[in-house]
There are 2 protein chains.
Amino acid sequence: MSISIMTQELLALNISQHQAAMQRFVAQHPLADCAEALSMLLDEQQLHSQDVRDLLRLLPLDQQAALFGYFSLPWQQAIAEQLAADELAHLSERMAHDERADLLALLEPTLKQQVLQQMDSRERQDIERLASYPSDSIGAVMTTDFAVLDATLTIEDAMHHLRSIAAERETIYQAYVVDEQQKLKGTVSLRDMLVAEPSQRIADIMTQALIFVWVDELQSVAAQAISKYDLLAIPVLDLQNRLVGIVTYDDAMDVAEDEADRHVHKAGAVDFSGNLKDATIGLMYRKRVFWLVLLVFGNIFSGAGIAYFEDTIQTYVALVFFLPLLIDSGGNAGSQSATLMVRALATGEVVAKDWAKMLSKELFISALLGVTMALAVSLLGFWRGGAEIALVVAITMQIVVIVGSVVGMSLPFILNKLRFDPASASAPLITTIADAIGVIIYFSVATMILDFPPMA
Amino acid sequence: MSISIMTQELLALNISQHQAAMQRFVAQHPLADCAEALSMLLDEQQLHSQDVRDLLRLLPLDQQAALFGYFSLPWQQAIAEQLAADELAHLSERMAHDERADLLALLEPTLKQQVLQQMDSRERQDIERLASYPSDSIGAVMTTDFAVLDATLTIEDAMHHLRSIAAERETIYQAYVVDEQQKLKGTVSLRDMLVAEPSQRIADIMTQALIFVWVDELQSVAAQAISKYDLLAIPVLDLQNRLVGIVTYDDAMDVAEDEADRHVHKAGAVDFSGNLKDATIGLMYRKRVFWLVLLVFGNIFSGAGIAYFEDTIQTYVALVFFLPLLIDSGGNAGSQSATLMVRALATGEVVAKDWAKMLSKELFISALLGVTMALAVSLLGFWRGGAEIALVVAITMQIVVIVGSVVGMSLPFILNKLRFDPASASAPLITTIADAIGVIIYFSVATMILDFPPMA
């Protein structure tokens, strides 16, 4: 059923008056869709956070926590502020550990303290520890409710144990074996346990834990490993080699999606990841203005190039006709190369030492592209200004396409080498650089061929 | 262990002479890493496909199939061609159903027939059916080896059944309940089965199947649903409502990654997804030349604008100094808006009917950006040419930033409406359009303020 039909149904039901109907509604739709429909009504102010609170109160605690978890963090916060501290504490106990740490970090300090006081000390410590990791680290996205098994257990006893904790753990399909110092000894999948003999011991069937990540690494490292090794979850170790959490595949998918957003946006010179519809005008202004103003000053170099050749231009003003075309072409070819290279570096498909190999390939490709585009532009040149102009624009085109491509493909490597984000080599930045180079190439070629003396 | 150390170890071991050591090596490293190290040696021609075949022959069939599945399709093909038809048939029987269909489609017809003849007729039909779906449809990425349970089974019997098929199924953590016509009635997770009483029936605990996709939908639809609903796998129905396959989360992650690649690349005007290092010069030329040449012709509009104002330029050649700066700024602001909007449309965060709302927001944001940039450029203008020039460039900047932004944010919506891919609104395309508009705005403003008569 479409979300918009769901919103109409929800509007038709008055939450406090149609309690049974509301419960049925939630039972009959995927919780993610219920949350989406409710969020849409909240966005449009047709419902208020108190209404959603009233709805949550109609549901059993587990369903409450699951539905609540599908709201965006700002709406979670708004709804949480409508709940009593003890209600919120109960709800938090059933939430995914990483999500509740994120929510509590946003709450007003007094409310947060009240909620924490209602929770038992282990849960409280867990929340405080998760909140202490930097926001882009694996620690901030991992969950601490993983299943641990003793290596000496029989499969039968282990299954019995998993059954007893199934409701509270984020996943029971992967369990982890640790020693007394919490050091990770191995992993065992529920599938392997199912096919083993009930009398076998966990130690006999567990896999040596070869794949793990560190708690302080970037989240994208965990997401890439989960994707590469086709894992359900990856164990997270602290600097003392102790198992402190796991990252599950669904969180990894969210991380990968945010990463992709960030890459796409950076390619367009906006450093933003989040919900575009929710972003305020002020936020978007701040995310965009830096690069735009920087590029204005970058463009002074093109201007300076033009000023240097002012007399050439004055004498042969028809050259200006081809100016945007030629400098843009260098920028376009460079944007293509930069985009390909930034993404390949980000996904690890290409690494720093591949630079020379990629460069020689780029030279070939851009030479071919240059020949094609020089042919196209020389026709235009001939039609506008005759054979000499055709020659000038063809030679210029060939050079700017090669130079633009080489700049475009090299800049991400250079930024990477200097420990900047290669993704900053955005199309607009490459365009600005290629413009300045293009102006100089164009008028130099023109001056040589058309035999005008260059003067400042 | 790093992949490059693994490659050195592999090179030190002669596969035919050190069989036991090779088996140990494979047992001690994640299979994905073994495949990566072997692929690297194949790429560098330090190993040949026969060597990998010899290595595979040392492994038990299940491990063989798992390792083989981690190679890229071209290497799978090269290795497969070194195997005897019956070996390949046995290997195929253990491979993921979607992957073996992809591989067999690539084989030389005689070999493919020989392999198919060695397989039983059900498997053969499965391969032929999977191969019949369009390459971007869900049918081409789904797997047909899912677990089916009868609704009348007790949990105890169902667990027993799952145990018996665990080795051959892609996942047993989600099982599917169908009726006699293969219509999907419900889904049941292994977790739910574990916490249920052994004497309960599947029908009592199964979830009504609300979430599914159609076999002919785009793969990104399945990936988005898996991510949204946090699923391990999503059921796939044919047009007769029959359950024909499932898409698992790990395939969904690959699909999402390819999609993200495609978006990033399209933003840079390259329509390419795949491995950049493996791509030939000819392929990359073809992927890039279309947009570059098209944009050359697009730039004729900027040229025509310039030609129209030739006399203005001739009289006041200093105007050319600001030309790249002003037209680029419109393009840069537009690239930012287009990038944000293309991605938001692709992820479903923004839909067609949001256009008016997004437009009014964009007008505010771009007006603010325009004021900032006009201030920056007016300083430059004053320094280069005095108060009048400062006024001309400031007014032009304010207009081009607003117009560029509006074009950038609207074009993806328009392309979407016309059923083109919104991602074609790349930074280079927006730059080209913004250039043409920028030229006209710039010289019109200049003509008005500086009082030059425009003449063709």
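Here the structure is a predicted model, which is why all the values come from computation and not from measurement.

1. Considerations on the overall build of chain A
- Looking only at helices and strands, one finds 22 helices and 7 strands in chain A.
- For a compact globule of 456 residues, the expected C-alpha radius of gyration is about 23 Å, and chain A comes in at 30 Å, more than 25% above that figure.
- Principal-axis analysis of the C-alpha atoms gives chain A an extent of 90 × 60 × 40 Å.
- Residue burial in chain A is summarised as follows: out of 456 residues, 55% are buried.
- Taking the contacts inside chain A whose residues are at least 6 apart along the sequence as the reference set, 66% of them involve residues at least 24 apart.
- In chain A, which carries 30 positive and 55 negative side-chain charges, the distance between the mean positions of the two groups comes to 4 Å.

2. Here's the deal with the UniProt feature "domain: CBS" (unreviewed entry) in chain A
Residue and element names in this part refer to chain A.
- UniProt feature "domain: CBS" (unreviewed entry): in the numbering of this structure it lies at residues 142-205 and 206-262.
- Regarding residues 142-205, the helix share stands at 33% and the strand share at 22%, and the terminal C-alpha atoms are separated by 26 Å.
- Along residues 206-262, the helical share is 42% and the strand share 26%, with 38 Å between the first and last C-alpha atoms.

3. Considering the side chain of Thr-143 of chain A
Residues and elements named next belong to chain A.
- Residue placement: Thr-143 occurs in the loop between α10 (121-131) and β1 (147-149).
- Exposure remark for Thr-143: the relative accessible area of 0% places this residue in the buried category.
- Of note is the side chain of Thr-143, whose polar atom sits 2.3 Å from the side chain of Asp-145.
- Those residues in contact with Thr-143, other than ones at most four positions away along the chain, are His-97, Asp-98, Glu-170, Gly-245 and Ile-246.

4. A short note on the packing of aromatic side chains
- This model, assessed by the stated rule, comprises 16 aromatic pairs over all chains.
- Ring geometry for Phe-290 of chain B versus Trp-291 of chain B: centroids 5.6 Å apart, planes at 75°, classification edge-to-face.
- The exposure class of Trp-291 of chain B is buried, given its relative accessible area of 16%.
- Aromatic pair Phe-321 of chain B and Phe-322 of chain B: ring centres 4.8 Å apart, planes at 70°, arrangement edge-to-face.
- Residue classification places Phe-322 of chain B among the buried residues on the basis of a relative accessible area of 2%.
- An aromatic cluster of three or more residues is present, and its members are Tyr-308, Phe-309, Tyr-442 and Phe-443 of chain A.
- In this arrangement the basic side chain of Arg-384 of chain A is found over the ring face of Phe-321 of chain A, its NZ or CZ atom lying 4.3 Å from the centre.

5. Some remarks on the relation of the copies chain A and chain B
- In screw terms, the move from chain A to chain B is a rotation of 180° and a rise of 0.1 Å along the axis, fitting with an RMSD of 0.1 Å. In the structure described here, the two chain copies are related by an operation that fits a two-fold rotation axis. Within chain A, the C-alpha atom positioned nearest to the axis of rotation is that of Val-264 of chain A, 2.4 Å from it.

6. A short note on the interface of chain A and chain B
- At the junction of the two partners, chain A supplies 118 residues and chain B supplies 118 residues.
- Note on chain A versus chain B: buried area summed over both sides is about 10400 Å², and carbon and sulfur give 66% of it.
- Three residues stand out in chain A for area buried against chain B, namely Arg-191, Leu-194 and Arg-288 of chain A, and they jointly supply 7% of the buried area on that side.
- Remark: the boundary between chain A and chain B carries 9 salt bridges.
- For Arg-288 of chain A, the salt bridge goes to Glu-362 of chain B, with nearest N and O atoms at 3.0 Å.
- Across the chain A-chain B interface, the total number found is 38 residue pairs in polar contact (both at pLDDT 80 or more).
- Here the side of chain A that touches chain B gets 16 residues from one element, more than from any other, and that element is helix α19 (residues 323-346) of chain A.
- Here the residues of the side of chain A that touches chain B are counted per class, giving 68 nonpolar, 25 polar and 25 charged.

7. Considerations on the pairing of strand β6 (residues 233-237) of chain B
Residues and elements named next belong to chain B.
- With respect to burial, β6 is a largely interior element, 5 of its 5 residues being buried.
- Here β6 shows no split at all, with Ala-233, Pro-235 and Leu-237 on one side and Ile-234 and Val-236 on the other all buried.
- Summarising the sheet, β6 and strand β7 (residues 243-248) pair through 5 bridges and their orientation is antiparallel. Each bridged residue has a counterpart across the sheet, and for Ile-234 the counterpart in β7 is Val-247.

8. A few points about the sheet that holds strand β5 (residues 213-214) of chain A
Residues and elements named next belong to chain A.
- Taken in spatial order, the 3 strands make up an open sheet running β5-β6-β7, and their pairing is mixed. Since the sheet does not close on itself, it has two edges, and those belong to β5 and β7 (243-248), each with one partner.
- Strand direction decides the pairing type here: β5 and strand β6 (residues 233-237), joined by 2 bridges, are parallel. When the bridges of β6 are listed, Val-213 appears paired with Val-236.

9. Observations concerning the side chain of Asp-250 of chain A
- Among the secondary structure elements, Asp-250 of chain A is positioned in helix α15 (residues 249-267).
- For the buried Asp-250 of chain A, no salt bridge is present, and the opposite-charge side chain at shortest range is Arg-191 of chain B, 9.1 Å distant.
- Not counting residues up to four positions away in its chain, the partners in contact with Asp-250 of chain A are Glu-170 of chain A together with Asp-230 of chain B.

10. Here we look at a nonpolar patch on the surface
Residues and elements named next belong to chain A.
- Taken together, the side chains of Leu-391, Ile-395 and Ile-399 define a hydrophobic patch exposed on the protein surface, amounting to about 220 Å² of accessible area.
- Take Leu-391: it is sitting in helix α21 (residues 387-417).
- For Leu-391, a relative accessible area of 45% gives the class partly exposed.

11. Some words on the UniProt feature "transmembrane region" (unreviewed entry) in chain A
Residues and elements named next belong to chain A.
- Within this numbering scheme, the UniProt entry marks residues 289-309, 315-333, 363-383, 389-415 and 427-450 as carrying the feature "transmembrane region" (unreviewed entry).
- Here residues 289-309 runs as 90% helix and 0% strand, with 31 Å between its end C-alpha atoms.
- Counting secondary structure, residues 427-450 comes out at 100% helix and 0% strand; the distance between its end C-alpha atoms is 32 Å.

12. Some points on the pattern of salt bridges
- Applying the stated rule across the entire model yields 27 salt bridges over all chains.
- Residues Lys-228 of chain B and Glu-36 of chain A are paired through a salt bridge, measuring 2.4 Å at the closest nitrogen-oxygen approach. Note that Lys-228 of chain B is positioned in helix α14 (residues 219-228) and Glu-36 of chain A in helix α3 (residues 31-43), a pairing that runs across two chains.
- For Lys-228 of chain B, a relative accessible area of 30% puts it in the partly exposed group.
- Through salt bridges with shared partners, one network takes in Glu-259, Arg-262, Lys-266 and Asp-421 of chain A.

13. Thoughts on the packing of helix α5 (residues 61-69) of chain B against helix α7 (residues 85-94) of chain B
Residue and element names in this part refer to chain B.
- For the pair α5 and α7, interaxial distance at closest approach is 9 Å and the crossing angle is 80°. Relative to α7, α5 is oriented roughly perpendicular. Where α5 abuts α7, its residues Leu-61, Asp-62, Gln-64, Ala-65 and Phe-68 lie against His-90, Leu-91 and Arg-94.

14. Quick look at a negative patch on the surface
- A cluster of acidic residues, Asp-230 of chain A together with Asp-254, Glu-257 and Asp-258 of chain B, forms a negative patch on the protein surface.
- On the basis of relative accessible area, Asp-254 of chain B is assigned to the partly exposed category, the value being 36%.

15. Regarding the sheet that holds strand β5 (residues 213-214) of chain B
- Reading across from one edge, β5-β6-β7 (chain B) is the order of the 3 strands in this open sheet, with mixed pairing throughout. Edge positions in the open sheet fall to β5 and β7 of chain B, since each of these has one partner strand only.

Rules used throughout
Residues numbered from 1 in each chain as written. Chains lettered and ligands numbered in written order. Predicted model: local features only at pLDDT ≥ 70, side-chain atom pairs only at ≥ 80, totals over all residues. Heavy atoms only, no water. Helix = DSSP H or I, 4+ residues; strand = E, 2+ residues; numbered from the N terminus. Rg over C-alpha atoms; globule rule 2.2 N^0.38 Å. Buried < 20%, exposed > 50% of the residue type's maximum accessible area, 1.4 Å probe, protein only. Contact = heavy atoms within 4.5 Å. Lys, Arg positive; Asp, Glu negative; His and termini not counted. Charge placed at Lys NZ, Arg CZ, Asp CG, Glu CD. UniProt positions renumbered as here; feature names shortened; annotations may be inferred. Polar contact = N/O pair within 3.5 Å; in protein donor to acceptor, adjacent residues only side chain to side chain. Phe/Tyr/Trp six-rings, centres within 6.5 Å; stacked < 30°, edge-to-face > 60°. Lys NZ or Arg CZ within 6 Å of the ring centre and 35° of its normal. Least-squares fit on C-alpha atoms with pLDDT ≥ 70 in both. Buried area = accessible area lost by both parts, 1.4 Å probe. Salt bridge = Lys/Arg side-chain N within 4 Å of Asp/Glu carboxyl O. Nonpolar A, V, L, I, M, F, W, Y, C, P; charged D, E, K, R; others polar. Pairing = 2+ DSSP bridges. Patch = residues over 30% accessible without salt bridge, like charges linked within 9 Å, V, L, I, M, F, W, Y side chains within 5 Å. Areas by Shrake-Rupley, 256 points an atom, 1.4 Å probe, with all protein chains shown as cover. Axes fitted to C-alpha atoms, helices over the stretch in contact; angles between N-to-C directions. Parallel < 35°, antiparallel > 145°, perpendicular 65-115°, else oblique.

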